[in-house]
Amino acid sequence: MGAERMTRRALGRRVGMAAAGLVAGRALRGGSEAAAAEEERWCSLGAAEPVASIDAPSSLGGPPEVVGSWSAPIQSPTGVIAVHAVLLHTGHVLFLEGGDAVMWSPADGSRVRTDPPKDLFCSGHCMLGDGRVFFAGGAKTGPPPNWTTLFDPVTATWASGPPMRQGRWYPTVTTMPAGDQVVIVSGEIDRSGVVNDDVEVYSAADASLTAVGSRRLGLYPHQKVMPDGRVLTAGPGPDDSWSLDPEDWSWSASPRLLRSHHNGGGVLLPGGPGGPHELLLCGSTYPSGAMVEAFDVDRPEDGWRRRAPLPEPRAHMNAVLLPDGTILGVAGSNADGNLHRSLLYDPAGDAWTPMATQTKVRGYHSTALLLPDGRVLSAGDNIDPGGLDTFELYSPPYLFRGPRPSIVAAPPVVTWGEVFEVRATASVARVVLVRPGSVTHTNNMEQRHVELVLEGTGVVVRASAPPSPAVAPAGYYLVFVLDAAGVPSVASWVRLA
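The residue count restarts for each chain, going from 1 along the sequence in the order it is written. Residues qualify for local features only when their pLDDT is at least 70, as the model is predicted, and side-chain atom pairs are given and counted only at 80 or more; totals for whole chains, interfaces and linings, by contrast, use all residues. No hydrogens and no water enter the side-chain calculation; it runs on all heavy atoms of the structure.

Engineer: Give a description of the side chain of Arg168 that names residues and reports values.
Structural biologist: Put simply, DSSP H or I for four residues or longer makes a helix, DSSP E for two residues or longer makes a strand, and each gets a number counted from the N terminus. Tracing the backbone shows Arg168 in the loop between strand E10 (157–160) and strand E11 (172–175). Each residue is placed in one exposure class: buried if its accessible area under a 1.4 Å probe, protein chains only, is under 20% of its type's maximum, exposed if it is over 50%, and partly exposed if it falls in between. Under the relative-accessibility criterion, Arg168 is labelled buried at 0%. Throughout this description, a polar contact denotes any pair of N or O atoms lying within 3.5 Å of each other; where both atoms belong to protein, one of them has to be capable of donating a hydrogen while the other can accept it, and for residues adjacent in sequence the pair is counted only when both atoms sit in side chains. Polar side-chain contacts of Arg168 include one of 2.7 Å to the backbone oxygen of Ser186.

What follows is the structure, encoded as structure tokens:
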């Protein structure tokens, strides 16, 4: 938590102290989560040092067309650890660690150093509709700052945004449907468990920041725009379950979570052409760390429902949406040690399948995201003996199942509801949009998967863009074509505007 380079045991002490402070603070406020946290307690991460690898890379295997394949670790010559990672519409990945940053190109391996003017460690970040990255808060040491910062990937330059009313450390930021506003919630203001309950909105049109109310939430809550335009907020605590209406910035309670998901992953499940409407939360540093549950905004009466649990408890596992609609669970740790084995979740079959194992430890302060070529980047973890300034690349099984289709032509810009033509080198079965990732602390604040309705068959199809900005907020997306075997192309970039 804002640590730079420390041992796992030191991390456990800090995690335990932070949890105790947060629970105590909520107990003083009379919050019901204090009782829930006291009931579940933290797992023994704070008492043990999980340096052992409980599923070493050599212990599990299989053909790559079944389990995929991890590359050997790649050393970053710049020394920047990917505590934060953002896929930019230029095709580069922004790696960030506090005041150090680099843009890395998966296409040719080139790297450009682009350090921010402010310390953005443990900040929140998302993409505006024009492709700039918005950052709020964050710092390695000292009082959490109230700054906001913007990064332009085209010019590789940074600019200061308007200050927030109070500092934030571990905040969540969410791009609104039109792409020109960002909602900022949560974050500690003094590193003692006191949470910033201001709800603030950044407007790109006039570079302003406006307070629109208050809502007390746990740190780094998972927050997503839903197809009806409201914003669903969930986790990490059981009572952190709310819906925000941007029409008047009012909040309404959603059903209570079944369990806590502190340091757990969260992902919007693919929902077809109508957009994603179900949020999945998985893992935790609590004893319920194998717990997986989901909430469907189209069926609120069902509340949070159990999904198939993880094969073992996992904290700090990154969940990455793949072009075929499955979800890759990357690494993590639990009280018994570090986890190298990947998992693949099939939402339709509600099943987790063990996949290939990677070499480096990727737990706390690790990141993972989808690349335009269909591979998954896994990087970070600055806690000894973590992966530090290395990264690994995962090739999912679909990359070993025959020739890949290629996109010959697709428009660079479309608007909602527009029907556009896509040309490929092989018969097209599906066209999907995937919003590029912006991830830190297992919280990917972007990332969504939208299936497009197709007209025609063969190498030329007509696809219908998402029906509204609530289904797919304005901005840049990866467009993939997939053949009948589920093999995806390398993505093209399209801007919804």
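From this point, the narrative continues.
Engineer: Can you break down the pairing of strand E23 (residues 318–321) residue by residue, with the values?
Structural biologist: Neither face of E23 is left uncovered, since the one carrying Asn318 and Val320 and the one carrying Ala319 and Leu321 both have all their residues buried. Pairs of strands are assigned from DSSP output, requiring at least two bridges between the strands. In this structure, E23 lies alongside strand E24 (residues 327–330), joined through four bridges in antiparallel fashion. Looking at E24, one finds that Asn318 is bridged to Val330. Hairpin remark: E23 followed by E24, antiparallel, with five residues in the connecting loop; positive phi at Gly325, about 90 degrees.

Engineer: Describe the sheet that holds strand E27 (residues 341–346), with residues and values.
Structural biologist: Strand order in the open sheet formed by four strands is E23-E24-E27-E28, and the pairing between neighbours is antiparallel. Either end of the sheet is taken by a strand with one partner, and the two such strands are E23 and strand E28 (351–357). Averaged over all neighbouring strand pairs, the angle between strand axes comes to 25 degrees, with direction disregarded. When E27 meets E28, the two strands line up antiparallel, connected through five bridges. Of the residues in E28, the one forming a bridge with Leu343 is Pro354. Convention adopted: a line fitted to C-alpha atoms gives each axis, helices being fitted over their contacting stretch, and angles between N-to-C directions are expressed from 0 to 180 degrees.

Engineer: So what about unusual backbone geometry? Which residues, and what values?
Structural biologist: At the junction of Gly235 and Pro236, the peptide bond is cis and its omega measures out at 5 degrees in the coordinates. As for its placement among the helices and strands, Pro236 is situated in the loop between strand E16 (231–234) and strand E17 (241–245). Between Asp384 and the following residue, Pro385, the backbone shows a cis peptide bond with an omega angle of 10 degrees. With respect to the helices, strands and loops of the structure, Pro385 is situated in the loop between strand E30 (376–380) and strand E31 (390–395). Despite not being glycine, Ser186 shows a phi value in the positive range, around 65 degrees. Checked against the element boundaries, Ser186 lands in the loop between strand E12 (181–185) and strand E13 (198–203). The backbone phi angle of His316 is positive, close to 60 degrees, even though this residue is not glycine. Within the secondary structure, His316 sits in the loop between strand E22 (305–306) and E23.

Engineer: Tell me about the packing of aromatic side chains, and please be specific about residues and values.
Structural biologist: Under the pairing criterion, centres of Phe, Tyr and Trp rings, with the six-membered ring standing for Trp, must be within 6.5 Å; the plane angle then separates stacked pairs below 30 degrees from edge-to-face pairs above 60, leaving the rest tilted. In total, this model carries eleven aromatic pairs according to the counting rule given. Look at Phe95 and Phe391: their rings are 5.6 Å apart centre to centre, the planes differ by 55 degrees, and that puts the pair in the tilted class. Here Phe95, found in strand E4 (residues 93–97), pairs with Phe391, found in strand E31; they are 296 residues apart in sequence, far enough to count as distant. Among the residues examined, Phe95 registers a relative accessible area of 3% and is labelled buried.

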